[in-house]
Amino acid sequence: MINIDSNPKTSLIDSFGRRIEYVRLSVTDKCNLRCFYCMPNNFKDFEQPEHWLTHDEIIRVIKAFTELGVARVRLTGGEPLVRKNIAELSKRLTALPGLDDLSLSTNASLLDKHAYNLHDAGISRINVSLDSLHPEKFKEITGGELQPVLDGLMAAKQAGFSPIKINMVAMKGINDDEFEDMVEFCIKHDFTLRLIETMPMGATGEDATNHYIDLQTVKQQLAKRYELIPGVMPGGGPARYVQIKDTELRIGFITPISQHFCETCNRVRLSVDGTLYLCLGQNDKVELRPLLRKGISDDELKTILIDAINIKPEKHEFKEKPEQVVRLMSMTGG
Ligand SMILES: C[S@@+](CC[C@H](N)C(=O)[O-])C[C@H]1O[C@@H](n2cnc3c(N)ncnc32)[C@H](O)[C@@H]1O
Ligand code: SF4
């Protein structure tokens, strides 16, 4: 007899009472950029293609999740747009009953040519990483060119994505002179801005933490120039929002280090090789690929997911044990 709650909406409640309704789905660990805080410049140790979950396997796992109450999925990576046929996969995902929201995190450098198809496939919300508006600084941070990213953003606007959120990792000595420029850029283009604290992940963790800024200080800095009023953002996730008075701009502060938000965590992460990670900042995981390829039934798969949620840790320990997460951010997609 399998242990699936008769009400699927309550099936994925972890041992701390948090309901899991959101999966971040990493469709590749590869990326066409090399943000220094995310992936080492010379990194080559990517997952073997035969270990990538196929589209069919992805659909099978996400279908099981939706039958257990997951309503939201975000495509991430690595850079999700380097995976082939991503629009086709998106279409299959949005067709799953119960999946209300499919979103995308991207560096936008390939978005110019994909924007229309992705929007057509049913993705409505996108997050775009953009840490600098200066081409040389952008190159220093990412190893790539700024212009294709700006082109991608404009294509996304034209295709009808809304909201478009800019994710800016705040870094001391790198882009801490650009917060106000980014605010103005987002007001001008009707984007939402989200500032993110650096997190210690994998071999690049030290680089990331060397440039750490507590976002409370950035908020104080912005408050000197702008009148900040409390802001709300539907589906805002872990960000705490303010709005700039007399504008539509909302600014979200994602503060995993200075003010963690683990008590409201509602998500798990599936990596390209089919590993289910229960927490971004811990190593607890369940390897689904061997089980899928061994031929487990759909009911067995659901039982495994329910059991996995039961071992979801209470919180990350980025501050207490910054060295413990050895995998790169690009493996789980943030
Ligand atoms: C790993 S990327 C994957 C999706 C896509 N390639 C992108 O850049 O948006 C997801 C997010 O993680 C963030 N990120 C990567 N490494 C980080 C770190 N060490 N600390 C904080 N954020 C990080 C990126 O800035 C990006 O916003
Ligand atoms: S943050 Fe995104 S764009 Fe930058 S290296 Fe990581 S996966 Fe690539």
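Report on the accompanying structure. The model shown is predicted, which means the values in this text are computed figures rather than measured ones.

Digging into the overall build of the chain
- A tally of helices and strands in the chain yields 11 helices and 12 strands.
- Overall size of the chain, expressed as C-alpha extent along the three principal axes, is 60 × 40 × 40 Å.
- Within the chain, buried positions represent 57% of all 334 residues.
- Taking the intrachain contacts of the chain between residues at least 6 apart in sequence as the baseline, contacts between residues at least 24 apart amount to 74%.
- The positive charge centre, built from 42 side chains, and the negative charge centre, built from 47, are 2 Å apart in the chain.

What about the site of ligand 1?
- Neighbouring ligand 1 are 18 residues; Tyr37, Gly78, Glu79, Ser129 and Met199 lie closest to it.
- Tyr37 is positioned with one of its backbone polar atoms (N or O) 3.0 Å from a nitrogen atom of ligand 1.
- With respect to ligand 1, the side chain of Ser129 contributes an N or O atom lying 2.7 Å from an oxygen atom.
- Where the shell around ligand 1 is concerned, the elements lending two or more residues are strand S3 (101–106) and strand S5 (164–169).
- Along the lines of polarity and charge, the residues of the shell around ligand 1 split into six nonpolar, 10 polar and two charged.

Re the layout of surface pockets
- Its volume calculated, the second largest pocket comes out at about 240 Å³.
- Broken down by class, the residue content of the lining of the second largest pocket amounts to five nonpolar, three polar and four charged.

Some thoughts on the site of ligand 2
- Surveying the vicinity of ligand 2 reveals the residues Cys31, Leu33, Cys35, Cys38, Gly78 and Asn107.
- Of the residues that constitute the shell around ligand 2, the class distribution is four nonpolar, two polar and no charged.

A word on the sheet that holds S3
- Sheet architecture is open: 12 strands sit in the order S7-S8-S9-S6-S5-S4-S3-S2-S1-S10-S11-S12, paired in mixed fashion. Strand pairing shows two members of the sheet lacking a second neighbour, strand S7 (228–230) and strand S12 (285–287), which therefore form its edges. If you compare each strand with its neighbour and ignore which way they point, the axes differ by 25 degrees on average.

Brief notes about the side chain of Thr142
- As for its position among the elements, Thr142 is in helix H4 (residues 135–142).
- At 2.9 Å, the side chain of Thr142 and the backbone nitrogen of Gly144 are in polar contact.
- If we skip the residues at most four places from it in the chain, Thr142 touches Leu33, Arg34 and Cys35.

Focus: the environment of Glu227
- Mapped onto the fold, Glu227 is located in the loop between helix H8 (215–225) and S7.
- Distance from Glu227 to Lys315, taken between C-alpha atoms, is 33 Å for residues 88 residues apart in sequence.
- Every residue in contact with Glu227, bar those within four places of it in the chain, is listed here: Gln243, Ile244 and Lys245.

Considering the pattern of salt bridges
- Under the defined criterion, the tally for this structure stands at 13 salt bridges.
- With a closest N to O distance of 2.9 Å, Arg60 and Asp298 form a salt bridge. Taken together, the residues span a long stretch of sequence, with Arg60 in helix H1 (residues 55–67) and Asp298 in helix H10 (residues 298–310) at a distance of 238 residues.
- On the accessibility criterion, Arg60 (26% relative accessible area) is partly exposed.
- A relative accessible area of 41% means that Asp298 is categorised as partly exposed.
- A salt bridge links Glu180 to Arg225, with the nearest nitrogen and oxygen atoms 2.8 Å apart. With Glu180 in helix H6 (residues 179–189) and Arg225 in helix H8, this residue pair connects regions lying 45 residues apart in the sequence.
- Assessed through its relative accessible area of 23%, Glu180 is described here as partly exposed.

What counts and how
- Residues numbered from 1 in each chain as written.
- Chains lettered and ligands numbered in written order.
- Predicted model: local features only at pLDDT ≥ 70, side-chain atom pairs only at ≥ 80, totals over all residues.
- Heavy atoms only, no water.
- Helix = DSSP H or I, 4+ residues; strand = E, 2+ residues; numbered from the N terminus.
- Buried < 20%, exposed > 50% of the residue type's maximum accessible area, 1.4 Å probe, protein only.
- Contact = heavy atoms within 4.5 Å.
- Lys, Arg positive; Asp, Glu negative; His and termini not counted.
- Charge placed at Lys NZ, Arg CZ, Asp CG, Glu CD.
- Near = heavy atom within 4 Å.
- Polar contact = N/O pair within 3.5 Å; in protein donor to acceptor, adjacent residues only side chain to side chain.
- Nonpolar A, V, L, I, M, F, W, Y, C, P; charged D, E, K, R; others polar.
- 1 Å grid on protein atoms, 1.4 Å probe; cavity = no way out; pocket = protein on both sides within 12 Å on 5 of 7 lines; lining within 4 Å.
- Points joined across faces, edges and corners; volume = space filled by probe spheres on them.
- Pairing = 2+ DSSP bridges.
- Axes fitted to C-alpha atoms, helices over the stretch in contact; angles between N-to-C directions.
- Salt bridge = Lys/Arg side-chain N within 4 Å of Asp/Glu carboxyl O.

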